[in-house]
Structures are given as C-alpha cells and as structure tokens.
Amino acid sequence: MVEELEYTPDEQKPEQSLTNVGKTYTDPKTGKFVKGNPGGGRPPGSISLITIMKQKLEMLGPDEKRTVAEHLIENVIQDALEGKDTQLKLLFQYVEGMPKQAIDLNAEVKSKVVSVDD
C-alpha cells in the first residue's frame, strides 16, 4: 500500500522590480532576495526526504494493526536479543545516547613574544 504524495510548486512571480544577479533576483534598493526567488532554497511546495520518511513510518504496517515504525522497532529489538552487534549498538545509541567523549583540558601552551623594532 503506497500512498501517493502530491507536489504542487508555487508559481508566484516576484512583484518588485528585479535585478538578475547570477540567476538570483534581488531588490535593487536593499540588495536582498525577493519573495519567489528562483535561485535559492527549496522550491515552495516541495517535501524533504525526512518528511516523506516520517509519513511512511506513521502508516499502518502489513498487519494493519501497528505502524511501520512499530514493526521496525520490534525487529531492531529482536535482532539485538539475538546478539546482532549492529542492532544492539543502534538500540543503545538511540535509547541511552552516545557515550560522552573525554576531553583533556590540561594542555601546556608555549608562547614566544616577538617584538618588531622600526
């Protein structure tokens, strides 16, 4: 069951007097990008891959009782219980977080003073 997502790009044209600077439209007075600038950022109405992934994870899985995310989590836990190191590491990283790295703040800094005489 694949749900189709609709993409509707916004086709608004900038309303101000524009200066074309390297395929980006800027306001001649302020030099700032104008609304609807075709040269910058994600097009209006587009959907990021993360958004699509989140939508898919929220859909019902094959059994129509649990979400896809719930199925994936159950599989990760089952693999970890079977001793699969990668899944066990992944599970701990997401549940407990990555271990903190030790940083040695005691460093010896040697500096040399140099003077320049005219």
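Residues numbered from 1 in each chain as written. Predicted model: local features only at pLDDT ≥ 70, side-chain atom pairs only at ≥ 80, totals over all residues. Heavy atoms only, no water.

A. Quick look at the overall build of the chain. Within the chain one finds three helices and two strands. Along its sequence from the N terminus, the chain presents helices and strands in the succession β-β-α-α-α. Looking at the chain as a whole, 10% of its 118 residues qualify as buried. Counting contacts in the chain only where the partners sit at least 6 residues apart, residues at least 24 apart contribute 21% of the total. Of the roughly 11100 Å² of accessible surface on the chain, a fraction of 56% belongs to carbon and sulfur atoms. (Helix = DSSP H or I, 4+ residues; strand = E, 2+ residues; numbered from the N terminus. Buried < 20%, exposed > 50% of the residue type's maximum accessible area, 1.4 Å probe, protein only. Contact = heavy atoms within 4.5 Å. Areas by Shrake-Rupley, 256 points an atom, 1.4 Å probe, with all protein chains shown as cover.)

B. Just the pattern of salt bridges, in detail. Scanning all chains against the criterion turns up four salt bridges. Here arginine 66 makes a salt bridge to aspartate 63, at a shortest N to O gap of 3.2 Å. Judged by relative accessible area, arginine 66 falls into the partly exposed class, the value being 27%. Its relative accessible area of 29% is what places aspartate 63 among the partly exposed residues. The network of salt bridges with common partners includes Asp63, Arg66 and Glu74. (Salt bridge = Lys/Arg side-chain N within 4 Å of Asp/Glu carboxyl O.)

C. Representation of the side chain of aspartate 79 in the model. Relative to the elements of secondary structure, aspartate 79 occurs in helix H2 (residues 68-81). For aspartate 79, a relative accessible area of 19% corresponds to the buried category. Residues within four places of aspartate 79 in sequence aside, it is in contact with Lys84 and Gln87.

D. A look at H2. Here H2 contains 14 residues, and its C-alpha end-to-end distance of 20 Å stays within 8% of the 20 Å for a straight helix at 1.5 Å per residue. Restricting attention to buried positions, one finds in H2 the residues His71, Val76, Asp79 and Ala80. Backbone geometry just downstream of H2 places glycine 83 in the positive-phi region, at approximately 90 degrees. (Expected span 1.5 Å × (residues − 1).)

E. Seen up close, the packing of H2 against helix H3 (residues 85-95). Relative orientation of the contacting elements H2 and H3 amounts to 120 degrees, with a least axis distance of 7 Å. Viewed along their axes, H2 and H3 adopt a mutual orientation that is oblique. In this structure, H2 meets H3 at a crossing whose hand is left-handed. Where H2 approaches H3, its residues Val76, Ile77, Asp79 and Ala80 are matched on the opposing element by Gln87, Leu88, Leu90 and Leu91. Within the contact of H2 with H3, the residues separate by chemical class into six nonpolar, one polar and one charged. (Axes fitted to C-alpha atoms, helices over the stretch in contact; angles between N-to-C directions. Parallel < 35°, antiparallel > 145°, perpendicular 65-115°, else oblique. Left-handed = near helix turned anticlockwise from the far one by under 90°. Nonpolar A, V, L, I, M, F, W, Y, C, P; charged D, E, K, R; others polar.)

F. Looking closely at a nonpolar patch on the surface. On the surface, a cluster of nonpolar side chains totalling about 310 Å² of accessible area is made up of Ile73, Ile77 and Leu81. In this fold, isoleucine 73 is placed in helix H2. (Patch = residues over 30% accessible without salt bridge, like charges linked within 9 Å, V, L, I, M, F, W, Y side chains within 5 Å.)

G. Examining unusual backbone geometry more closely. The backbone phi angle of glutamate 64 is positive, close to 60 degrees, even though this residue is not glycine. By the element assignment, glutamate 64 lies in the loop between helix H1 (49-58) and H2.

H. Region of interest: the confidence of the model for the chain. Put simply, the chain has an average pLDDT of 75, and 75% of its residues get 70 or more. The secondary-structure element of the chain with the lowest mean pLDDT is strand S1 (residues 19-21), recorded at 47, while H1 shows the highest, at 91. (pLDDT = per-residue confidence, 0-100.)

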